[in-house]
Amino acid sequence: MHTFLKVTAAAALLATGACASKPKPVEEAAPVAETPVVKEEVKTVDTTPVVTSSIAPGSLEDFRVNVGERVYFDLDQYRLDTEDQDILKRQAAWLASYPNIRILIAGNADERGTREYNLALGERRANAVKEYLVSLGVAASRVDTVSYGKERPVVAGSDDQSWALNRNGWTQIVSGATS
Amino acid sequence: MTHRATHYLRRFLAVALIALGLVAPASAQLRVRVDQGNFTPTPIAIPDFQVTGANSDLAKQIVEVVRADLASTGLFDLQNPASFIQRDLSINAEPRFADWKIIRTEGLVVGTFEELPDGKVAVSFRLWDIYGGELMRINGEPGRRLTTTPENWRRIAHKIADSIYTRLTGEDPYFDTRIVYIAETGPKTERVKRLAIMDSDGANQQYLTSGRSTVLTPRFSPSAQEITYMSYEGGKPRVYLFNIETGRQELLGNFPGMTFSPRFTRDGQSVLLSQAQRGNTDIYIMNLRTRESDRLTDHPSIDTSPSMSPDGKSVVFNSDRGGTPQLYIMNTDKSKRTCPGGGSDVACRITFGKGRYSTPVWSPRGDLIAFTKQEGGKFYVGVIGIDGKGERLLTEAYLDEGPDWSPNGRVIVYFREARPGASPQLFSVDLSGRNERRLVTQTDASDPAWSPLLQ
């Protein structure tokens, strides 16, 4: 149940994230292309390269799409399950390939806790991610942590799926990535 | 027995006892009970003040604020001025008690407003006990006279309301105070949070920070001149001091980890706070003069949200050392104490009910702890005795969080998200659980903290 939630939640997040920060894939524009008004838009979209082929190795995009930047925690927990560990193993391997990259791990909590306790919980989660990466050989000096408690939800909803998305450890590239 | 019947019986007994020479007449005076079970607000009348000089608008505004303050307690029924029979009141003459009894007024305030030659204004008032048929002296004086600059008129109004409230209830005053809070704007995923301050009645709302950095959990110093709070300034979450008069912000301490959940000690000499480092949060106390800090807890669990007892001897805090967040009390000197449940320990757990407890705040009177409780998909604000007994839940919503006390320990302010997805707003509730009211703010608002009585 929980793993299912995580997978669907992560998928939903990737989809929304993609819409917000990248040009829409060509296929999405096709159904409305028949109306003249939208035709010009389609042209614009046509000029952009297909996203998946444009990702530069060592870029923020590469890390986000091909490695995975977030792990998700169970309610009140900071334990990393095997799925989280797999993501962090990919992060560690990727970071080993790009030794100039520095990261900031943000620990986040859902809104169903009080502010100060959630700040402490977020720090615990960020630290759990950091310790695991360090155990895989990432130099501790490349890793900073911050807790946002319940202050920076990834999604705005007030339901189980939103809360699951908002209980995360988010590895953010600070510097050293290729553009 | 109805309130009215009780009232008359009380008067009869008082008169009888005075006749027998058993008690002094003072005990016969009007007294508003804040804790009685079957509650009826006491009818009081505050006619417009007599005006000497031109500025009758200001005089009216002052009276309106006095009425609003007293009405906001839920203890008084402010009578409609249109119903008043006696229209020739004078501050120097007894009112015609019979005229006021007809409309069942119990307390009557008679006041004057003067513009002084130096540009200041003066307000005088007296308080009459209609059924007792006598003047209620205030601090031994027949009445009070307050003088200030016209710009400061709201504070005069709050001080008048405080005098009346205190004289009638026996409780300490709390209207002439301010509330600091976090003003929130923007979508939930990109919230802008600014430090904001207002008078206790919601007037004079001002922003103290720009919103460039997220700020959280402001709390007043006992002098009401400084605020301690947490800010993400420079990307690092740390505890700061803010001087209200100068606007100066100052980082507090040189901790390697994140610092948060600050709160002044009762003497104002120190700040209690939490530091999180390497996945562990503990509580520290920092002396503001020497800037030296002492570690109060050293435990692998989360220890946060410290609040000191009024006598400075104990600290209540939130810890999940028992598996879930619960409230614990320790001695400030870290010595062992006798726990309510028996035995002795450095930290004694005081909450054993179902659910999760957090954000404890020690009452200014010393006998109660206010807290946030989370259980079964709801949040509650409640109070519990320092011995862990007598838990009472005062409020309930999708999210009710972060209580703080009025300086007289009578009213609790907190913030609420009424439904899933609802934006946060400030509320207050009487310690009895009655009189839940919204404090209207210009923006969404959270993390309210009440100042001490202003000087």
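The rules we used
- Residues numbered from 1 in each chain as written.
- Chains lettered and ligands numbered in written order.
- Predicted model: local features only at pLDDT ≥ 70, side-chain atom pairs only at ≥ 80, totals over all residues.
- Helix = DSSP H or I, 4+ residues; strand = E, 2+ residues; numbered from the N terminus.
- Rg over C-alpha atoms; globule rule 2.2 N^0.38 Å.
- Buried ≥ 20, exposed ≤ 12 C-beta atoms within 10 Å, placed from the backbone.
- Pairing = 2+ DSSP bridges.
- Core = buried A, V, L, I, M, F, W, Y, C linked by C-beta atoms within 7 Å.
- Domains from an automatic or database assignment.
- Contact = placed C-beta atoms within 7 Å.
- Right-handed = clockwise from strand over helix to strand, strands pointing away.
- Nonpolar A, V, L, I, M, F, W, Y, C, P; charged D, E, K, R; others polar.

**Digging into the overall build of chain B**
Logical step 1: A tally of regular secondary structure across chain B gives four helices and 33 strands.
Logical step 2: Here chain B has a C-alpha radius of gyration of 24 Å; the compact-globule value for 455 residues is 23 Å, and the two agree.
Logical step 3: Taken over the C-alpha atoms alone, chain B extends approximately 75 × 50 × 45 Å along its principal axes.
Logical step 4: Of all 455 residues assigned to chain B, the portion counted as buried reaches 44%.

**A look at the pairing of strand S1 (residues 42-45) of chain B**
Residues and elements named next belong to chain B.
Logical step 1: Pairing of S1 with strand S3 (residues 76-78) involves three bridges; the strand directions are parallel. Bridge pairing in S3 places isoleucine 44 opposite leucine 78.
Logical step 2: As paired strands, S1 and strand S4 (residues 107-115) are joined by two bridges and run parallel to one another. By the bridge assignment, isoleucine 44 is partnered in S4 with glycine 107.

**Thoughts on the nonpolar core**
Logical step 1: Counting residues in each nonpolar core, the largest one holds 113 residues, and the members touching the most others are B:Ile62, B:Val66, B:Ile369, B:Ala370 and B:Ile412.
Logical step 2: If one sorts the elements of this core by residue count, helix H4 (residues 153-169) of chain B sits on top with seven residues.
Logical step 3: When residues are assigned to domains, this core turns out to be shared by domain 1 (3-169) and domain 2 (178-450) of chain B, each giving three or more.
Logical step 4: Apart from residues lying up to four places away in sequence, B:Ile62 is in contact with B:Phe113, B:Val123, B:Trp153, B:Ile156 and B:Ala157.
Logical step 5: With 23 residues, the next largest nonpolar core counts A:Ala128, A:Val143, A:Leu165 and A:Trp170 among its residues.

**As for the pairing of strand S2 (residues 102-108) of chain A**
Residues and elements named next belong to chain A.
Logical step 1: Along S2, five of the seven residues are buried, which leaves the element largely enclosed by surrounding structure.
Logical step 2: Where S2 lies against strand S4 (residues 168-175), six bridges are found, and the strand directions are antiparallel. By the bridge assignment, isoleucine 105 is partnered in S4 with threonine 171.
Logical step 3: In this structure, S2 lies alongside strand S3 (residues 143-149), joined through six bridges in parallel fashion. Across the sheet, glycine 107 pairs through a bridge with serine 147, a residue of S3.
Logical step 4: For the handedness criterion, the β-α-β arrangement of S2, helix H6 (residues 115-135) and S3 is classed as right-handed.

**Quick look at the domain arrangement of chain B**
Residues and elements named next belong to chain B.
Logical step 1: Segmenting chain B into domains produces domain 1 (3-169) and domain 2 (178-450).
Logical step 2: Each partner contributes residues to the interface: domain 1 has 10 residues there, and domain 2 has nine residues.
Logical step 3: The element contributing the most residues to the side of domain 1 that touches domain 2 is helix H2 (residues 56-72), with four residues.
Logical step 4: A breakdown of the residues in the side of domain 1 that touches domain 2 according to their chemical character gives four nonpolar, three polar and three charged.

**Things to note about the interface of chain B and chain A**
Logical step 1: Facing the 29 residues of chain B at the interface are 19 residues of chain A.
Logical step 2: If you list the elements that add at least two residues to the side of chain B that touches chain A, you get strand S11 (215-220), strand S15 (258-264), strand S16 (270-277), strand S19 (303-308), strand S25 (356-362) and strand S29 (399-405) of chain B.
Logical step 3: Looking at which element gives the most residues to the side of chain B that touches chain A, the answer is S15(B), with three residues.
Logical step 4: Here the side of chain B that touches chain A is composed, by residue class, of nine nonpolar, 16 polar and four charged.

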